[in-house]
Amino acid sequence: MIEFRKEYFADERDDNLNEIGKPTQRQDMLGHVTGRSPYFDDHLFDGLLHLKCLRSPHHHARIRSVDTSEAERMPGVKKVIRARDVPLNLNTLLSLMDFGLDDEPMLADKKVCYVGEPVVAVVAETERACFDAIAKIRVDYEVLPHVLDVEEAIKPGAPSVNPTYPTNTFLYHEKYDHQKLRFGDVEAALRQADHVVEGRYQMSPIEQAPTETCGAIAAPETNNRFVVYTSTQALFFSLGTAAKMLKVSSNRLHFIGGTVGGGFGGKVDSIHEPMAILGCMLTGKPVRYAWDREEEMQVGAPRGAERWYITDGVMNDGRIIARKFIGYFDSGAYTRLSSYAIIKGTGHLPGPYTIPNVSSDVYCVFTNRTPATAMRGFGITGVDFSIEAHMDKVASKIGMNPIELRILNSYRDGDMKAHRRLAKNTALIECCQVVAEKAKWKIGSEYKAMSSLKGGGGERALIPAHTAIDQKGMVRGSGTSSFGYQPQPYVPSTPTFPSTPAFPSVPAYTPAASSSPAPGAPERRPAENAPTPSSTYNPTPSQPATPVEQRPAVNRFSSISGLRRR
Amino acid sequence: MPMSVKTFAQVDEAARALAASRSARYLGGGTLIMRAVNYGDQSFDTIIRTTDPRLKQIAQQGDMLVIGAGITMSEVIANRETAFLAPVARTVGGPAIRNMATVGGNLFAASPYGDFTAALLALDARVVPAGGQPISLDEFLNARERNAGLVIVSVQIPRLRDVNAFRYVKVSRVKPKGIAVMSIAAVLPMQAGRLANARVAYGAMGPRPLRALAVERALEGRSLDEAGIAQALAVATEGVDPPSDPIASDWYRRQIAPVHLKRLLLGQRR
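Residues numbered from 1 in each chain as written. Chains lettered and ligands numbered in written order. Predicted model: local features only at pLDDT ≥ 70, side-chain atom pairs only at ≥ 80, totals over all residues.

Under an unreviewed UniProt entry, the name given to chain B is Oxidoreductase, and the source organism is Metarhizobium album.

Where an unreviewed UniProt entry is consulted, chain A appears under the name Xanthine dehydrogenase family protein molybdopterin-binding subunit, with the organism given as Metarhizobium album.

What follows is the structure, given as structure tokens:
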């Protein structure tokens, strides 16, 4: 039963709109309830072939050799696909928005980085024939040490998971091993606070578990095109990704989607379409590549695990004057969307509260776990859980009513948020008031009288006069090489691909060997030395070897996401 | 290797064919074996099944209720003779699974499956293999791996003097049909207000359904009240070997076992 509290914000709302505020029947409802909605798997073709992958049984292993000779001779087997058969066997989803480096192969070549990573794909007349052939493939693995914990993964000497990011952290803004947020001077405020309250919170990965497992069917079409029926949630991501990895012009790909049997963020990764099309290209036949339930659960990218450390500086009257975050997102072995989730989450900090001093360091960490991706509100959910659990902890520590604590610290219309946007349409105070009323939780009359519309702005609209900044986590070599960006970015409008890959197979980033603790080991400026720039790195922004101005004119992700420097 | 299916009119023929092949599996309802087929299990290439009507019978024979091994959970629920087992059958999977899953197949289902078998164990059932003599379910389960080559024709359940003496609970996260955190089945015969020859069995508390022998001993001669069952609760986890799986950990299963055993024994509704 929905109850509308129309007394709130009545003058900010038009109740006579045609759609908003009115019940609307979903356009696909009739098809769903009558069982007529056509899903990707309802499009069957004569002579349809099936594709299945041989997957890594190890968290981390070097591939010494692969012997597919017996599998290729199995009855019904049409093609055994190896890494070398993939035209461009390295990609990252958000490369289409020039965010991040290509780091994930379609089929593993030199090593596997998580349990379930695909190594060989088999195309055969039946799924059974695929399974039987896969059972005959011999892979010689050299098992490597693995790391499954985010904080273990960024310690010096930890196994290096992802060859594109050898220090196990995503590179932000071509400079830092973490995403920074700095607003005011947290350390100074913590020293002035009456109480300092610390907390550690974490959230496990969550599988989206759609009823329809991920999959695609690709078939030859006239005019040298391919038609692709897919379960994707992101049709044009999938189209762009397929065009890039297969080095075909996107106008040769006819993608048909739109009916998704449950997605929840788990169908944006564009894993199936390129593989199905490649199978189709190599055999000339329609090819279906769909996960079974076990693959969906084990290999399907979940919402990633997060760990948060929160430190609050609180006054005796309940005002929170400082909040410091250290966050770790477990990206799994490759990037997918955790890097973006962190940008989104950082924009949300410090939660729906007005706190004059905020700092945050969030790390996108590579571990030998299943790559993590989107899921409903990802980037916000974990930290919001942490923030609200922490609010209760603060309330308990200083002996204050937890709802009153929230109302007291709530953001209000006109307040400056830590990411330097003015808050508007805030409603936390009203939510707290209604929750207290519904839960029969007593709050003081002064808190009942507060409003999101009153008391905001003014001083609270100002960006702090002094914001403490630092160079902690600056990555050696950044800003002076191509580590942070792609010299020849993918341009979707290019009709044909160059014969040589436009993407470096090995990133130009090379750790300085002289000071490395071990060959190939992470090269990171230790946090304790953070305030002192090292002699080998010049952080002065005016002297990069490759000036920012000379970079290709492409849409920076930061401008798309609304986080551009202002 | 292509999968072949061999169907026999007589259960004895099916049993002989199974015994003669090392790469054959017997299909009861198919809820486990067909999943293995779908996932490309390489350990077998032949499916053996039978249409023998003996496997589809439910009958009273003397002091025994005989349930054919091919009887599905749905049929257990629908049949009047097996009505006291309907609450057990209802906890096995959703409707689609219950329409396929059989009494015979459940005997071989690896933990944490096999709730129906736990109930049969408490009921002191015997299993009847094709071409052989009935063997007690305890004995059958203790050597289940060796018995994998047997084809079971039916199970025999001694007639309960008091149907109300049989109690069963399945603890699951999805109710009622989720995979078991644990299940408990008990037959609690009373003589002059005292328990006599109680049988208690657990599902999902070991690699196979098992008797809670210490609990049974502790209940002997006691009354079904807080004081009477105290000793039984104290030894509730004696002899168990619970799995740690995605449903629950070994530790968790041990912690909750006395709680659910207490509720079952005292007839407390949750």
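Caption draft 1: Here's a closer look at the overall build of chain A. The helix and strand inventory of chain A stands at 14 helices and 15 strands. In chain A, buried positions account for 44% of the 566 residues. Sequence-distant contacts in chain A: of pairs separated by 6 or more residues, those separated by 24 or more amount to 80%. (Helix = DSSP H or I, 4+ residues; strand = E, 2+ residues; numbered from the N terminus. Buried ≥ 20, exposed ≤ 12 C-beta atoms within 10 Å, placed from the backbone. Contact = placed C-beta atoms within 7 Å.)

Caption draft 2: Geometry of the sheet that holds strand β5 (residues 64-68) of chain B. Residues and elements named next belong to chain B. Taken in spatial order, the 5 strands of this open sheet run β4-β5-β8-β6-β7, and their pairing is antiparallel. Two strands bound the open sheet, and with one partner strand each, they are β4 (58-61) and β7 (135-136). Where strand β6 (residues 126-129) and β7 come together, 2 bridges link them in antiparallel fashion. Following the sheet pairing, V127 is matched in β7 by I135. (Pairing = 2+ DSSP bridges.)

Caption draft 3: Inspection of the domain arrangement of chain B at higher detail. Taken as a whole, chain B is organised into domain 1 (4-50), domain 2 (53-158) and domain 3 (165-266). If you average the C-alpha positions of domain 1 of chain B and of domain 3 of chain B, the two centres end up 34 Å apart. (Domains from an automatic or database assignment.)

Caption draft 4: Structural view of the UniProt feature "domain: Aldehyde oxidase/xanthine dehydrogenase a/b hammerhead" (unreviewed entry) in chain A. The UniProt entry lists residues 34-145 of chain A under the feature "domain: Aldehyde oxidase/xanthine dehydrogenase a/b hammerhead" (unreviewed entry), expressed in the numbering used here. The annotated region residues 34-145 of chain A carries 11% helix and 30% strand content, and the separation between its end C-alpha atoms amounts to 52 Å. (UniProt positions renumbered as here; feature names shortened; annotations may be inferred.)

Caption draft 5: Spotlight on the interface of chain A and chain B. Opposite the 6 residues of chain A that make contact, chain B presents 5 residues. The residue inventory of the side of chain A that touches chain B, partitioned by class, reads 2 nonpolar, no polar and 4 charged. (Nonpolar A, V, L, I, M, F, W, Y, C, P; charged D, E, K, R; others polar.)

Caption draft 6: The arrangement of the packing of helix α6 (residues 235-246) of chain A against helix α7 (residues 272-283) of chain A in detail. Residue and element names in this part refer to chain A. One way to put it is that α6 packs onto α7 with a least axis distance of 8 Å and a crossing angle of 45°. If you check the angle between α6 and α7, you find them oblique. Viewed along their axes, α6 and α7 form a crossing whose handedness is right-handed. For the pair α6 and α7, the contacting residues are S238, T241, A242, M245 and L246 in the first and E273, P274, I277 and L278 in the second. Here the residues of the contact of α6 with α7 are counted per class, giving 6 nonpolar, 2 polar and 1 charged. (Axes fitted to C-alpha atoms, helices over the stretch in contact; angles between N-to-C directions. Parallel < 35°, antiparallel > 145°, perpendicular 65-115°, else oblique. Left-handed = near helix turned anticlockwise from the far one by under 90°.)

Caption draft 7: Spotlight on the nonpolar core. Ranked by size, the top nonpolar core spans 88 residues in total, and within it V122, A218 and A276 of chain A carry the most contacts. In this view, A218 of chain A contacts F226, V228, A276, I277, C280, P286 and V287 of chain A; residues no more than four positions away in its chain are not counted. Core analysis: the second largest hydrophobic core is formed by 74 residues, L85, V103, A212 and V215 of chain B among them. (Core = buried A, V, L, I, M, F, W, Y, C linked by C-beta atoms within 7 Å.)

Caption draft 8: Structural detail: helix α11 (residues 402-409) of chain A. Of all the 8 residues making up α11 of chain A, 6 are buried; the element is thus mostly covered by neighbouring parts of the structure. Its buried side turned inward, α11 of chain A meets β14 (320-332), α10 (381-398), α12 (428-438) and α13 (445-448) of chain A.

Caption draft 9: Up close: unusual backbone geometry. Note that the residue after L349 of chain A, namely P350 of chain A, is joined by a cis bond; omega there is 5°. Cis geometry is found at the peptide bond from S111 of chain B to P112 of chain B, where omega equals 10°. Mapping P112 of chain B onto the fold places it in the loop between α6 (103-106) and α7 (115-122). Here D98 of chain A, not a glycine, exhibits a phi torsion of approximately 55°, which is positive. Notably, D124 of chain B is not glycine yet its phi reads approximately 60°, a positive angle. Its location among the elements puts D124 of chain B in the loop between α7 and β6.

Caption draft 10: Looking closely at the sheet that holds strand β3 (residues 77-81) of chain A. Residues and elements named next belong to chain A. Across the sheet, which stays open at both edges, the 7 strands sit in the order β3-β5-β1-β12-β9-β10-β11 with mixed pairing between neighbours. The open sheet is flanked by β3 and β11 (253-256), the only strands paired with a single partner. Pairs of neighbouring strands in the sheet enclose a mean axial angle of 25°, with direction left out of account. Against the sheet, helix α3 (residues 127-134) engages β1 (49-55), β3 and β5 (118-124), with an angle of about 30° to β1. Seen against the sheet, α7 touches β1, β3, β5, β9 (215-221), β10 (225-230) and β12 (287-290) and runs at an angle of roughly 35° to β9.

Caption draft 11: Local environment of the UniProt feature "domain: FAD-binding PCMH-type" (unreviewed entry) in chain B. Summarizing the sequence annotation, UniProt attributes the feature "domain: FAD-binding PCMH-type" (unreviewed entry) to residues 1-160 of chain B in the numbering used throughout. In the segment residues 1-160 of chain B, helix accounts for 31% and strand for 22%; the C-alpha atoms at its two ends are 48 Å apart.

Caption draft 12: View of the confidence of the model for chain A. Averaged over every residue, the pLDDT of chain A is 87; residues scoring 70 or more account for 84%. Contacts for the low-pLDDT stretch residues 479-566 of chain A, under 50 throughout, to residues beyond four places or in other chains number 108 contacts. (pLDDT = per-residue confidence, 0-100.)

Caption draft 13: How the structure looks around the pairing of β6 of chain B. All names here are of chain B. With antiparallel pairing between neighbouring strands as the criterion, β6 and β7 make up a hairpin whose turn holds 5 residues, including G131 at a positive phi of roughly 70°. Pairing analysis gives 4 bridges linking β6 to strand β8 (residues 152-158), with the strands arranged antiparallel. Each bridged residue has a counterpart across the sheet, and for P129 the counterpart in β8 is I152.

Caption draft 14: A look at the confidence of the model for chain B. When pLDDT is averaged along chain B, the result is 95, and 100% of the positions lie at 70 or above. Overall fold confidence for the complex sits at a pTM of 0.84, while the interface term, ipTM, reaches 0.84.

Caption draft 15: Quick look at the packing of α11 of chain A against α12 of chain A. Residue and element names in this part refer to chain A. One can describe the packing of α11 onto α12 by two numbers: an axis separation of 9 Å at closest approach and a directional angle of 165°. For the element pair α11 / α12, the angle class is roughly antiparallel. Note that α11 runs across α12; the crossing there is left-handed. Residues I403, R406 and I407 of α11 touch α12, and the partners they reach there are L428, I429, C432, V435 and A436.

Caption draft 16: Spotlight on the environment of R191 of chain A. Residues and elements named next belong to chain A. In this structure, R191 sits in helix α5 (residues 186-192). Judged by the 11 C-beta atoms lying within 10 Å of it, R191 is exposed. Considered as a pair, R191 and L181 are 10 residues apart in the sequence and their alpha carbons are 20 Å apart.

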